[in-house]
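# Observations on the model geometry
Chain residues, written in single-letter form:
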Amino acid sequence: MINRPLALITGGSAGIGLELARLMARDHYDLIITGASDRVHAAAAELEQEGVVVTPVQSDLSTKEGVDVVVAAVKHTGRPLDVLVLNAGIAIGGAFLDIELQRHLQLLDLNIGSTVRLCHALLPGMVENGGGKVLFVSSLSATTPIPYESVYGPSKAFMTSFGHGLREELRGTGVQFTLLHPGATATEFHARAGMGNTSFGDNSWKNDPAQVALQGYEALQAGVTSLVGGDEATQAAGREHKILAEEEKAKTPCANG
Ligand SMILES: NC(=O)c1ccc[n+]([C@@H]2O[C@H](COP(=O)([O-])OP(=O)(O)OC[C@H]3O[C@@H](n4cnc5c(N)ncnc54)[C@H](OP(=O)(O)O)[C@@H]3O)[C@@H](O)[C@H]2O)c1
């Protein structure tokens, strides 16, 4: 009989997701971690050093089939999910019209589609089990328009709004939602977004992913509903985004991720 709690972390093979997985493994969670590439297996092997069971799942979450594989892995445990972390996501940098439509749609399929599919498939089990904790890794970009990253921010705005809505729908079920909004964070994220030759190519000025993950994890455990992840300058940007007009924010270069 296993009495450790179980968590699913999408995108747990790298960056903020891997840092969250490290924190949870140290706190004796068994984990299902997902990633797009085969390095998810190496990440699982590292995490198992903490004495927990870690199941790696390699799948493309921008597809229905890829989501189905992850859902099947959760069901295969025969155990309820105590924590659901939806973290896998991508951005694309560049002029909207210069980027192939298919790439924009893939971003939406991953950042929005997998969020909706995984919640629809996995939240019923958490409700049935009397509750659980959900962490959405959204972005500070959810709170401002960003020219040249013009599809990414709205995809994260969806995630944030969706989470706030679900929290109310599921009030009384024991399922809680924490929405983490990191500012620019030093992972592979911007390089993957094709922004390596912009100021985002330099990771030295960005937030530490371990710090951002710790902020999100502590907020999740404390039942905080929504927070900005990052240093004081990032927190200040989050406060400013609440008061400035969208038109003004769109004109201001910003340091979001
Ligand atoms: N870094 C930032 O500045 C920043 C700021 C705000 C918000 N965020 C958000 O934080 C989350 C994590 O970002 P990160 O910075 O940690 O990025 P990252 O280092 O690039 O890691 C992304 C993770 O998502 C996985 N992934 C990518 N595409 C996938 C796909 N199609 N299907 C399944 N998994 C996929 C990756 O797997 P592989 O490694 O195997 O490819 C990896 O585990 C994202 O949702 C991002 O929007 C990041």
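Look up: the structure comes first, before these words.
Just so it is clear, the structure is predicted and the values come from calculations on it, not from any experiment.

## Considering the pairing of strand β5 (residues 132-137)
Across the six residues that make up β5, a large majority, five, are buried. Of the strand pairs in this sheet, strand β4 (residues 83-86) and β5 are connected by four bridges, and their pairing is parallel. Of the residues in β5, the one forming a bridge with V83 is K133. Tracing the backbone out of β4, into helix α4 (residues 101-128) and back to the parallel element β5 gives a crossover that is right-handed. Of the strand pairs in this sheet, β5 and strand β6 (residues 175-182) are connected by six bridges, and their pairing is parallel. Bridging across to β6, F136 finds its partner in L179. In this region the chain leaves β5, passes through helix α5 (residues 152-169) and returns to the parallel neighbour β6; the handedness of that crossover is right-handed.

## Re the site of the ligand
Surrounding the ligand, one finds 32 residues, the nearest of these being S13, S37, N87, Y152 and T187. Between the ligand and T187 there is a distance of 2.6 Å, counted from an oxygen atom to a side-chain nitrogen or oxygen. Within the complex, 97% of the 900 Å² of free accessible area of the ligand lies under protein. The set of elements that each furnish at least two residues to the shell around the ligand consists of α1 (15-26), α5 and α6 (189-192). Per-element tally for the shell around the ligand: the top contributor is α6, with three residues. Of the residues belonging to the shell around the ligand, the class tally is 12 nonpolar, 15 polar and five charged.

## Comments concerning the packing of α1 against helix α7 (residues 209-222)
Closest axis-to-axis distance for the α1/α7 pair is 8 Å, and the angle between their directions is 60°. Taken together, the axes of α1 and α7 are oblique relative to one another. For the pair α1 and α7, the sense of crossing is right-handed. Together, G15, I16, E19, L20, L23 and M24 of α1 and P209, A210, V212, A213, L214 and Y217 of α7 make up the contact between the two elements. For the contact of α1 with α7, the class distribution of residues is 10 nonpolar, one polar and one charged.

## Topic: helix α3 (residues 64-77)
With 14 residues, α3 should reach 20 Å at 1.5 Å per residue; the first-to-last C-alpha distance of 21 Å fits that figure. Every buried residue of α3 is accounted for by G66, V67, V70, V71, A73 and V74. Along the axis of α3, the buried positions cluster into a sector of 150°, meaning they face one direction only. The exposed set on the far side of α3, more than 90 degrees from its buried face, consists of E65, K75 and H76. The secondary structure elements touched by the buried residues of α3 are β1 (6-9), β2 (30-35), β3 (54-58) and α4.

## Observations concerning the sheet that holds β4
Taken in spatial order, the seven strands make up an open sheet running β3-β2-β1-β4-β5-β6-β7, and their pairing is parallel. Strands with a single pairing partner mark the edges of an open sheet, and in this sheet they are β3 and β7 (226-229). The average angle at which neighbouring strand axes cross in this sheet is 15°, direction not considered. Across four bridges, β6 lies against β7 in parallel orientation. By the bridge assignment, H181 is partnered in β7 with V228.

## With respect to the side chain of S13
Relative to the helices and strands, S13 is located in the loop between β1 and α1. Using a relative accessible area of 11% as the deciding quantity, one classes S13 as buried. Residues within four places of S13 in sequence aside, it is in contact with L18, T34, G35, R39, V40 and A43.

Criteria and thresholds
Residues numbered from 1 in each chain as written. Predicted model: local features only at pLDDT ≥ 70, side-chain atom pairs only at ≥ 80, totals over all residues. Heavy atoms only, no water. Buried < 20%, exposed > 50% of the residue type's maximum accessible area, 1.4 Å probe, protein only. Helix = DSSP H or I, 4+ residues; strand = E, 2+ residues; numbered from the N terminus. Pairing = 2+ DSSP bridges. Right-handed = clockwise from strand over helix to strand, strands pointing away. Near = heavy atom within 4 Å. Polar contact = N/O pair within 3.5 Å; in protein donor to acceptor, adjacent residues only side chain to side chain. Areas by Shrake-Rupley, 256 points an atom, 1.4 Å probe, with all protein chains shown as cover. Nonpolar A, V, L, I, M, F, W, Y, C, P; charged D, E, K, R; others polar. Axes fitted to C-alpha atoms, helices over the stretch in contact; angles between N-to-C directions. Parallel < 35°, antiparallel > 145°, perpendicular 65-115°, else oblique. Left-handed = near helix turned anticlockwise from the far one by under 90°. Contact = heavy atoms within 4.5 Å. Expected span 1.5 Å × (residues − 1). Arc of directions from axis to C-beta.

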